[in-house]
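Here is how the chains run, residue by residue.
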Amino acid sequence: MLKGRCNCGAVSFIVEGDVQGASVCHCSQCRRQSGHTWASAHAPVSAVKISGAPRWYHTSETARRGFCTTCGSFLFWKAHDEDRMSFALGALEAPTGITLEKHIFTADKGDYYEIADGVPQRP
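Quick summary incoming for the structure in this document. (Residues numbered from 1 in each chain as written. Predicted model: local features only at pLDDT ≥ 70, side-chain atom pairs only at ≥ 80, totals over all residues. Heavy atoms only, no water.)

1. Let's talk about the pairing of strand β6 (residues 55-58)
Now for step 1: Two strands pair when backbone bridges link them, and β6 and strand β7 (residues 63-67) are joined in this way by four bridges, in the antiparallel orientation. Within β7, the residue paired with His 58 across the bridge is Arg 64.
Now for step 2: With antiparallel pairing between neighbouring strands as the criterion, β6 and β7 make up a hairpin whose turn holds four residues. (Pairing = 2+ DSSP bridges. Helix = DSSP H or I, 4+ residues; strand = E, 2+ residues; numbered from the N terminus.)

2. Quick notes on the sheet that holds β7
Now for step 1: Strands sit in the order β6-β7-β8-β9-β4-β3-β10 across an open sheet of seven strands; the sheet is mixed. Each edge of the open sheet carries a strand with a single partner, namely β6 and β10 (102-104). On average, each strand axis in the sheet is tilted by 30 degrees relative to the strand beside it, whichever way the strands run.
Now for step 2: Here strand β8 (residues 74-79) pairs with strand β9 (residues 84-88) via two bridges, running antiparallel. (Axes fitted to C-alpha atoms, helices over the stretch in contact; angles between N-to-C directions.)

3. Some remarks on the nonpolar core
Now for step 1: Counting 25 residues, the largest nonpolar core has Phe 13, Val 15, Leu 75, Phe 76 and Phe 87 as the members making the most contacts within it.
Now for step 2: At the level of elements, β2 (12-15), β3 (20-25), β4 (38-44), β8 and β9 are the ones that each hand at least two residues to this core.
Now for step 3: If sequence neighbours within four positions are ignored, Phe 13 has contacts with Leu 2, Lys 3, Gly 4, Arg 5, Lys 49, Ile 50, Leu 75, Phe 76, Phe 87, Ala 88, Ala 91 and Leu 92. (Core = buried A, V, L, I, M, F, W, Y, C linked by side-chain atoms within 4.5 Å. Buried < 20%, exposed > 50% of the residue type's maximum accessible area, 1.4 Å probe, protein only. Contact = heavy atoms within 4.5 Å.)

4. Points about the packing of aromatic side chains
What describes a pair of aromatic rings is the distance from one ring centre to the other and the angle between the planes of the rings.
Now for step 1: The tally for this structure, following the rule as stated, stands at five aromatic pairs.
Now for step 2: Ring pairing ties together the aromatic residues Phe 13, Trp 56, Phe 76 and Phe 87, which thus form one cluster.
Now for step 3: In this structure, Arg 64 is placed above the aromatic ring of Trp 56, and the distance from its NZ or CZ to the ring centre is 4.0 Å.
Now for step 4: Between the NZ or CZ atom of Lys 109 and the centre of the ring of Tyr 113, over which it lies, the distance is 4.6 Å. (Phe/Tyr/Trp six-rings, centres within 6.5 Å; stacked < 30°, edge-to-face > 60°. Lys NZ or Arg CZ within 6 Å of the ring centre and 35° of its normal.)

Spelled out as structure tokens, the structure:
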């Protein structure tokens with residue numbers, strides 16, 4: 001079981017079971033929302049138990065993002081038509097046992113950094 005929370009503790013979550021897709025997203029929305037990149041993994045919605053009341057922001061017609069209204073921590077991403085939800089790796093208590101699998105939306109990455117960790121990249 002993984003445990004996570006926002007910066008102030010008003011929103012917390014646990015993830016049980018199958019965690020997949022550990023990635024770093026470089027899209028413009030994640031960069032704006034987080035201030036750089038957003039590292040996440042995903043699990044079935046039924047495996048993510050949220051305590052507190054995140055606010056959900058619909059960033060597009062296809063997905064929404066959940067964040068804490070007190071401290072602003074960006075914690076969740078959920079596509080409307082999927083039964084899985086992504087959660088912020090940076091919000092998890094260590095040890096996680098998770099290893100990054102990929103970088104995504106690398107074609108949209110900022111021009112101020114390079115990706116040089118050897119993890120596979122997807123444009």
